[in-house]
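# Residue-level structural notes
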Amino acid sequence: MKDKITYSLKSCDCTSDKYYRTVGTFTNEVLFKINQSTEGLISDFQSFILKNNYEDLRSKNEYVFELLLLGVLWRNYIKKAIILGEVPKAFLIRLMNLREKSKIFKVAVDYIKGFSGKVWLLKENNEINDCDRTIENMKKLLDWLAASGEFNQEVKRLKQWYDYLSNRSLEEVSNVISMVLDLAEWFDFHSEKALGCFTRNVNKFLEENYHKHKWKEDNVYCGRKRIEYHLNMVGAEIMNRAFREDFLKTEEKRLLLPICMRFHCNSDCKAERSTEGYLCTGCTNHCNVNYLTQMGRKYGIKVFIIPHESAAFTKGKIEKNKIGIIGVACVLNLASGGWKAKELGFVPQCVLLDYCGCKNHWSDSDEATEINISKLMDILQISEI
Ligand code: SF4
C-alpha cells in the first residue's frame, strides 16, 4: 500500500479497528488524568456558565477537553501570538470575516491570507522560553487564533474560559495556565506513545513537504503538529460519547461525506446538487460514496457529499436536537466540525477518514479516501449492510 501522507488509521493494522480500540482506551486514560487535577475548577466553571447564561450546560468531559485544548494551543502558538502586532491582527481578523461572508473574493482573499500569514502569523519569538501566564497573553493567543482563520470554533469555546479567568486574581490565572500546560506536556508524551503509530508521517510531511505551503492560504492548517492530530482524535471520541444518547433520539439522520471519498474526483462524478449538499447518482460501483448512499437508502439515512465544511451548514440554525449528523472528516477538522454542528442545533457524531487524500492540501494527486464501515454501523446501530 502507498505510504499515507500524514496520518493513517490503518498504519498499525490492515483495518482501522485497532485505532478505534486504542483511541477509546487512551481517551479513558486522558479523562482520568485530567479529572484528577481539575475537579473543583470544572465545577466552578460550570457554575459560572450557568450563572451568566452562556449556554446549556455541557458535560464535564467536554469542558475537560477544552482545558486540554487551551494547554496544547498555548504550547504551540503563544510565541507567535505575543508578537502579532495590533494592526496586522485587526487586518487579518477583517480578512477572515470577509472570507467567511463572501465567496466572491475567495481567490484574492486566499492569496492575501497566505502572504500575510507567512509574514505576520508564522513568525515567532524564540528568545523567550516561557511567556508570562497572564490573562493578557491568553487574549493575545485567542486573537492570534482568530486572525489565522483556522480556529473559529476553538476561539468560541476558549472565549468562555477567558471570561471566567478575567474575574480571577493574577495568581489564580497563572495557576490555571500552568496546570493546563502541565496537562499538555503529559498529553504530548502519552498521546505519542498511544496514538503515535497512526500519525508517524506528520513529521515527515512537515520536514519534506510543508515548505510548499509556506506562502499558501493553508500555511497554518498544514503546519499543525502531531499533538494537534492526537488532540482531535481524543476530542472526537469525547464528543461522540457526550452526544451519543441525543443522537440516537433524533428524528432524522444524515451522513455527510467529503468529496475526497468519491471514485471520480472531477467532472466525471455525476453527483447532483441539492440544497443540503450533493447527491450521488451512482455512476460507478467502485465508489465508496455510492456504496454508502445505497446503505443510506436501505436504512432511511440521507447521504450528502459536502465539498467543504462550510457547505454543510449553509442553512444556519435548525430546530434543536431534531437532526443527527454523522460527519466524516480528516483528523484536523473533527473537533471544530462537531462544535459547529452543535452550535447550529444538530446532534453530531463523527467518523474519521482512515487517511487524508485530497490534493487541495496534502497530496500531489487525489486519492479516494475510506472510512471504517464497522464504526459507522456501530454509530448508527446497524448490524448488517
Ligand atoms: S458514484 Fe456517485 S459520488 Fe461516486 S463518482 Fe459517481 S456520482 Fe460521484
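What counts, and where the lines are drawn
- Residues numbered from 1 in each chain as written.
- Predicted model: local features only at pLDDT ≥ 70, side-chain atom pairs only at ≥ 80, totals over all residues.
- Helix = DSSP H or I, 4+ residues; strand = E, 2+ residues; numbered from the N terminus.
- Rg over C-alpha atoms; globule rule 2.2 N^0.38 Å.
- Buried ≥ 20, exposed ≤ 12 C-beta atoms within 10 Å, placed from the backbone.
- Domains from an automatic or database assignment.
- Contact = placed C-beta atoms within 7 Å.
- Near = placed C-beta within 6 Å.
- Nonpolar A, V, L, I, M, F, W, Y, C, P; charged D, E, K, R; others polar.
- Pairing = 2+ DSSP bridges.
- Right-handed = clockwise from strand over helix to strand, strands pointing away.
- Axes fitted to C-alpha atoms, helices over the stretch in contact; angles between N-to-C directions.
- Parallel < 35°, antiparallel > 145°, perpendicular 65-115°, else oblique.
- Core = buried A, V, L, I, M, F, W, Y, C linked by C-beta atoms within 7 Å.
- Expected span 1.5 Å × (residues − 1).
- Bend = angle between axes of the 7 residues up to and from the residue.

### Let's talk about the overall build of the chain
From N to C terminus, the chain includes 13 helices and 6 strands. A compact globule built from 385 residues should have a C-alpha radius of gyration of about 21 Å, and the chain, at 21 Å, falls within 12% of that. Taking the principal axes of the C-alpha coordinates as reference, the chain spans close to 60 × 45 × 40 Å. By the burial criterion, 39% of the 385 residues in the chain qualify as buried.

### A word on the domain arrangement of the chain
Many structure descriptions define interface size as the accessible area lost when the parts assemble. Assigned domains within the chain: domain 1 (17-231) and domain 2 (250-380). For domain 1 versus domain 2, the distance between C-alpha centres works out to 25 Å. Contacts between the two partners involve 12 residues from domain 1 and, on the opposite side, 9 residues from domain 2. Contributing elements (two or more residues each) for the side of domain 1 that touches domain 2: helix 1 (17-51), helix 6 (152-166) and helix 9 (226-249). Considering every element that reaches the side of domain 1 that touches domain 2, the biggest residue donor is helix 6, with 4 residues.

### Focus: the site of the ligand
Among the 15 residues in the neighbourhood of the ligand, the closest are listed as C269, C280, C283, C287 and N290. Residue composition of the shell around the ligand, grouped by class: 8 nonpolar, 5 polar and 2 charged.

### What to know about the pairing of strand 5 (residues 323-329)
Burial runs high along strand 5: 7 of the 7 residues are buried. Burial of the side chains of strand 5 extends over both faces: I323, I325, G327 and A329 are buried on one face and G324, I326 and V328 on the other. Bridging between strand 1 (residues 252-258) and strand 5 involves 5 bridges; their strand directions are parallel. Bridge pairing in strand 5 places L256 opposite G327. Taken together, the 6 bridges between strand 5 and strand 6 (residues 347-352) define a ladder with parallel strand orientation. Bridging from a neighbouring strand, G327 pairs with C350 of strand 6. Between the parallel elements strand 5 and strand 6, the chain passes through helix 12 (residues 334-343) in a crossover that is right-handed.

### Things to note about the packing of helix 1 against helix 2 (residues 60-81)
Across the interface, helix 1 lies against helix 2 with an axial gap of 9 Å and an inter-helix angle of 105°. Classed by the angle they form, the pair helix 1 and helix 2 counts as roughly perpendicular. Together, L31, I34, N35, T38, I42, F45 and Q46 of helix 1 and K60, N61, Y63, V64, L67 and L68 of helix 2 make up the contact between the two elements. Looking at the contact of helix 1 with helix 2 residue by residue, the class counts come to 8 nonpolar, 4 polar and 1 charged.

### With respect to the packing of helix 2 against helix 6
Interhelical geometry of helix 2 versus helix 6 gives an angle of 105° and a closest axis separation of 10 Å. Judged by the inter-axis angle, helix 2 sits roughly perpendicular to helix 6. Counted together, E66, L69, L70 and L73 of helix 2 and E154, R157, L158 and W161 of helix 6 form the full contact between these two elements. Class assignment for the residues of the contact of helix 2 with helix 6 results in 5 nonpolar, no polar and 3 charged.

### Quick look at the environment of S166
Among the secondary structure elements, S166 is positioned in helix 6. Given 11 C-beta atoms within 10 Å, S166 falls into the exposed group. C-alpha of S166 to C-alpha of G296: the two residues are 130 residues apart in sequence and 48 Å apart in space.

### Focus: the nonpolar core
Ranked by internal contacts, the top residues of the largest apolar core, which has 97 residues, are L68, L141, L145, L257 and I305. In terms of residue count, helix 2 provides more of this core than any other element does, 13 residues in total. The two domains that each donate at least three residues to this core are domain 1 (17-231) and domain 2 (250-380). For L141, the contacting residues outside a window of four places in its chain are L73, W74, Y77, I78 and A81.

### Some points on helix 1
Helix length check: helix 1, at 35 residues, gives a terminal C-alpha distance of 43 Å against a target of 51 Å (1.5 Å per residue), a shortfall beyond 12%. If you look at helix 1, its biggest bend is around 75°, right at T38. Within helix 1, the full set of buried residues consists of Y19, V23, F26, T27, V30, I34, T38 and F45. Contacts made by the buried residues of helix 1 are with helix 2, helix 6, helix 7 (170-195) and helix 9.

### Some thoughts on unusual backbone geometry
With phi around 50°, N53 is a residue other than glycine that occupies positive phi space. As for its position among the elements, N53 is in the loop between helix 1 and helix 2. Located in the positive-phi region is N321, a residue other than glycine, with phi close to 60°. Positionally, N321 belongs in the loop between helix 11 (309-312) and strand 5.

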